[in-house]
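Each chain is listed here by its residues.
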Amino acid sequence: MTEDTPDSLIPYDEIVQEALRAVVGRVLGEIVAGGSELPGNHHFYITFKTAAQGVSIPDHLRERFPDEMTIVLQNKFWGLEVREDGFTVGLSFNQIPAELEIPFAAITAFVDPAVDFGLQFQASATELEPEEHDNAENDGEAEDQPATEGEDAGDGSNVVTIDFGRKK
């Protein structure tokens, strides 16, 4: 490809990412169909964005892993359920049982070291929930004062649009 190649109007990157995430779903579905026991030496490292939309994990884990977390499905897991959009699994953390709900869209990596297989994904900004924050001190109601010369009259004429598009 050259610099003269136009940007695609078809979201190929997103389509490929979605298809590869379906591989994770199919693999986990095969485990459920086989009685939730991993065959042979297979085990999985699954990394996901803890702040992604639809992720449900206990608060103590979210505090410990505010951005990203890796879980291991090997010997001690239970209640593995696979849906079209994600999965639920029970795991213990420091001998405290926890149920995790993870959408496939939140996964950033899937590795099966037994067969040297791995997939890397990119989490898009739309898949992440905005972080909660305190209100800014300057977010209070504006005082009812007329605009003076040089100030914004409140007609929206001071709105600036910024496009944070991806670099290719």
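Source: prediction; values computed, not measured. For every chain, the first residue of its written sequence is number 1, and the numbers climb from 1 along that sequence. Per-residue local features are limited, in this predicted model, to residues with pLDDT of at least 70; the limit for side-chain atom pairs, both in listing and counting, is 80 or more; totals at the level of whole chains, interfaces and linings are taken over all residues. Remark: hydrogens and water are excluded; side-chain values derive from all non-hydrogen atoms of the structure.

What follows covers the confidence of the model for the protein. Across the protein, pLDDT averages 78, with 70% of residues at or above 70. The pLDDT score gives, residue by residue, the confidence of the prediction method on a 0 to 100 scale. Contacts are assigned to residue pairs that have any heavy atoms within 4.5 Å of one another. Long-range and interchain partners of residues 125-131, a stretch whose pLDDT sits below 50, account for 14 contacts in this model, where long-range means more than four residues apart. pLDDT under 50 marks residues 135-153. Its contacts with residues more than four places away, or in other chains, come to four contacts.

Joining through side-chain atoms within 4.5 Å is the link that ties buried Ala, Val, Leu, Ile, Met, Phe, Trp, Tyr and Cys residues into a set, and such a set is a nonpolar core. Under the scheme applied here, a residue whose accessible area is under 20% of the maximum for its type counts as buried, over 50% as exposed, and between as partly exposed, the area being computed with a 1.4 Å probe on protein chains only. Ile-46, Phe-48, Ile-71, Leu-73, Phe-87, Val-89 and Leu-100 are the most contacted members of the largest nonpolar core, which has 29 residues in total. Secondary structure is summarised from DSSP: a helix means a run of H or I of at least four residues, a strand means a run of E of at least two, and numbering begins at the N terminus for each. The set of elements that each furnish at least two residues to this core consists of α1 (12-33), β1 (44-49), β2 (68-73), β4 (86-93), β5 (96-103) and β6 (107-112). Ranked by residues supplied to this core, first place goes to β4 with four residues. Excluding its chain neighbours within four sequence positions, the residues that come into contact with Leu-73 are Leu-28, Leu-38, His-43, Phe-44, Ile-46, Val-89 and Leu-91.

Strands belonging to one sheet form pairs held by backbone hydrogen bonds; the direction of such a pair is parallel or antiparallel. Any two strands between which DSSP finds at least two bridges are classified as paired. If you trace the three strands from one edge of the open sheet to the other, you get β3-β4-β5, paired in antiparallel fashion. Taken across any chain shown, the strands that pair with only one partner, and hence form the sheet edges, are β3 (78-82) and β5. Strand-to-strand twist in this sheet, taken as the mean axis angle between neighbours without regard to direction, amounts to 20 degrees. Judged from the three bridges that link them, β3 and β4 form a sheet pairing that is antiparallel. Within β4, the position partnered with Val-82 by the bridge is Phe-87. Convention adopted: a line fitted to C-alpha atoms gives each axis, helices being fitted over their contacting stretch, and angles between N-to-C directions are expressed from 0 to 180 degrees. Where α1 meets the sheet, it contacts β3 and β4, and its direction lies at approximately 130 degrees from that of β3.

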